[in-house]
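Observations on the model geometry
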Amino acid sequence: MREPTFLVLAALAGGQKHGYAIIQEVEALSGGHTVLRPGSLYTTLDRLAHEGYIEAAGEEVVEGRLRRYYRLSTQGTRLLAAESERRVTVSTEALHRLRIAGSLT
Amino acid sequence: MSSRYDWLKRVYPSSDQRGAEIVATMLDASEAQGRPPRIREVLGVVGHGARCRFGLTPDRFGGQVLESAALPGLIVGCALAIFLLVWGEWEPRHHVAPLGTQFGPFVTVAPIAYLVWLLSTLYALGAPRHRRPAAALAVASVAATLVLGKLVGLSPNMALLGTLAALGLPGILASTDLPSSRRVAGSIGAGMLAFSLLWWLGVTNFAHIEIFYWYGDFALNRGILWVVLAAVVVAAVLSVSGRQVLGGTVVLVASPFAFCTVSVIVNESGALFVPPGTIMRAWVTVLIMACGMVGLLVFWMQDLHRSVRMLSSDEPPATAIG
């Protein structure tokens, strides 16, 4: 799974969000390393929606601007949980090996 | 600031509110940073809007075919580039040396494009997220080589270079995604098949044509009819069995080779020493490929007009977060 895709799913883990809120959340989650541009964000959202990992959760107009909200589907929640666990396992193992090798104090 | 970017909404299909939604997101993001939208952001929205309008997003048939054809197109192009480098530029150098100047050990300037194509493909394989710029660089190098060839008087074969450029277009137009290992393996398999066919169609005709390069389209025309026929039959079988995207991919990757036959029709019609049946064979090849393309267009247009709005919802947000 590409990093931006993982970050978008992770951004929606806390509940439904609109486009700009997802951009903010992705930037915060990645420590500022990943800043999604709108075109890239919506390409990712199109793909995730097509694959059934996210779904539309309503829309509203705020100060004349349309905001459409997205949320994780059940399938998306399962995918995010599985991917997160896989990343934790790999990271834990990597840190363990670094400690054994004496590279980490 | 909002009204300045209203035109961006019109890039999107008018049937839904995606343009309004995405432009709002772009303006929210830029205003939060106290600046107008950057050109790259605007171009990104234009690109996404155009893909939405023409049904080329990953959720639509056209987008899936483009994405499926992106890597095979680059790798089949790589096979063509390697083939042309060896048998089009290196091998015939002794035949043409007495005829005039050469580009180092090669016949024309085309090896520049072949080398760039080879490196771009390797880069796209190693860094799939950069596939689109890699494909753009490969296609641009072909265009640059054609211009350079005209300038220095060492023009490559336009039909073969046109085929190569067309193979890179899906890689530019498709949205970037990480290809599965199955797709990578399939693409490499398609490249190996293409190289074998090119060798069979091109090199086995050396007996008849002393210099392959300038007569390359003529040489390929002798057998490409059967390759194109096989591709269209395979695509039809795949489509009938419900695998329309794979069928469309086969047509899209095979169709650039029709350039060779079109070139034969344009250049050889009326020529004195054309073997009987050559022009007819070229027309039949074009006709078969056109049938394949029409099938692809029918599926694409059907999908374009289907009234599914996957990302629309009339319900208000349960809780407005963010």
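Not measured: the values here are computed from a predicted model. (Residues numbered from 1 in each chain as written. Chains lettered and ligands numbered in written order. Predicted model: local features only at pLDDT ≥ 70, side-chain atom pairs only at ≥ 80, totals over all residues. Heavy atoms only, no water.)

With respect to the interface of chain A and chain B
- With 33 residues of chain A at the contact, the number on the chain B side is 43 residues.
- The junction of chain A with chain B conceals about 3400 Å² of combined surface from both sides, 54% of it contributed by carbon and sulfur atoms.
- Ranking the residues of chain A by area buried against chain B places Arg2, Arg47 and Arg65 of chain A at the top, with a combined share of 20%.
- Viewed at the interface, chain B and chain A are joined by 6 salt bridges.
- Between Asp28 of chain B and Arg65 of chain A there is a salt bridge, with the nearest N and O atoms lying 2.9 Å from each other.
- Viewed at the interface, chain B and chain A are joined by 12 residue pairs in polar contact (both at pLDDT 80 or more). (Contact = heavy atoms within 4.5 Å. Buried area = accessible area lost by both parts, 1.4 Å probe. Salt bridge = Lys/Arg side-chain N within 4 Å of Asp/Glu carboxyl O. Polar contact = N/O pair within 3.5 Å; in protein donor to acceptor, adjacent residues only side chain to side chain.)

Digging into helix α13 (residues 278–305) of chain B
- Taking 1.5 Å of rise per residue, the 28 residues of α13 of chain B would be expected to cover 40 Å, and the 40 Å separating its terminal C-alpha atoms lies within 8% of that figure.
- Within the span of α13 of chain B, buried status applies to Thr278, Ala282, Thr285, Ile288, Met289, Gly292, Leu296 and Asp303 of chain B. (Helix = DSSP H or I, 4+ residues; strand = E, 2+ residues; numbered from the N terminus. Expected span 1.5 Å × (residues − 1). Buried < 20%, exposed > 50% of the residue type's maximum accessible area, 1.4 Å probe, protein only.)

Comments concerning the sheet that holds strand β2 (residues 54–62) of chain A
Residue and element names in this part refer to chain A.
- One open sheet accounts for 3 strands, arranged β1-β3-β2; its pairing is antiparallel. In this open sheet, the two strands that pair with only one neighbour each are β1 (17–18) and β2.
- In the sheet, β1 pairs with strand β3 (residues 65–72) via 2 bridges, with the strands oriented antiparallel. In the sheet register, Lys17 faces β3, and the bridge partner there is Tyr70. (Pairing = 2+ DSSP bridges.)

Let's talk about the pairing of β2 of chain A
Residues and elements named next belong to chain A.
- Relative to β3, β2 runs antiparallel, the two sharing 7 bridges. When the bridges of β3 are listed, Val62 appears paired with Arg65.
- Counted along the chain from β2 to the antiparallel partner β3, the turn is 2 residues long, and its residue Glu63 has a positive phi close to 50 degrees.

Re the confidence of the model for chain B
Residues and elements named next belong to chain B.
- The pLDDT averaged across chain B works out to 82; a share of 85% of its residues lies at or above 70.
- Of all secondary-structure elements in chain B, the lowest mean pLDDT belongs to helix α5 (residues 93–96), at 66, while helix α6 (residues 111–126) reaches the highest, 93.
- ipTM for the predicted complex: 0.84, alongside a pTM of 0.78. (pLDDT = per-residue confidence, 0-100.)

What to know about the packing of aromatic side chains
- One pass over the full model with this rule turns up 4 aromatic pairs over all chains.
- Ring geometry for Phe61 of chain B against Phe299 of chain B: centres 5.8 Å apart, planes inclined by 45 degrees, an arrangement best described as tilted. Placement of Phe61 of chain B in helix α4 (residues 61–90) and of Phe299 of chain B in helix α13 is noted, with a sequence separation of 238 residues between them.
- By relative accessible area, which is 28% here, Phe299 of chain B ends up partly exposed.
- When the ring centre of Phe6 of chain A is taken as origin, the NZ or CZ atom of Arg87 of chain A, which lies over that ring, is 3.9 Å away. (Phe/Tyr/Trp six-rings, centres within 6.5 Å; stacked < 30°, edge-to-face > 60°. Lys NZ or Arg CZ within 6 Å of the ring centre and 35° of its normal.)

Let's talk about the pattern of salt bridges
- Applying the stated criterion to the full structure yields 16 salt bridges over all chains.
- A salt bridge links Arg68 of chain A to Glu59 of chain A, with the shortest nitrogen-to-oxygen separation between them at 2.9 Å.
- Glu21 of chain B is the partner of Arg68 of chain A in a salt bridge, and the nearest nitrogen-oxygen pair spans 3.1 Å. With Arg68 of chain A in strand β3 and Glu21 of chain B in helix α2 (residues 18–32), the pair connects residues from two separate chains. Per residue, the accessibility class of Arg68 of chain A equals that of Glu21 of chain B, and both read buried.

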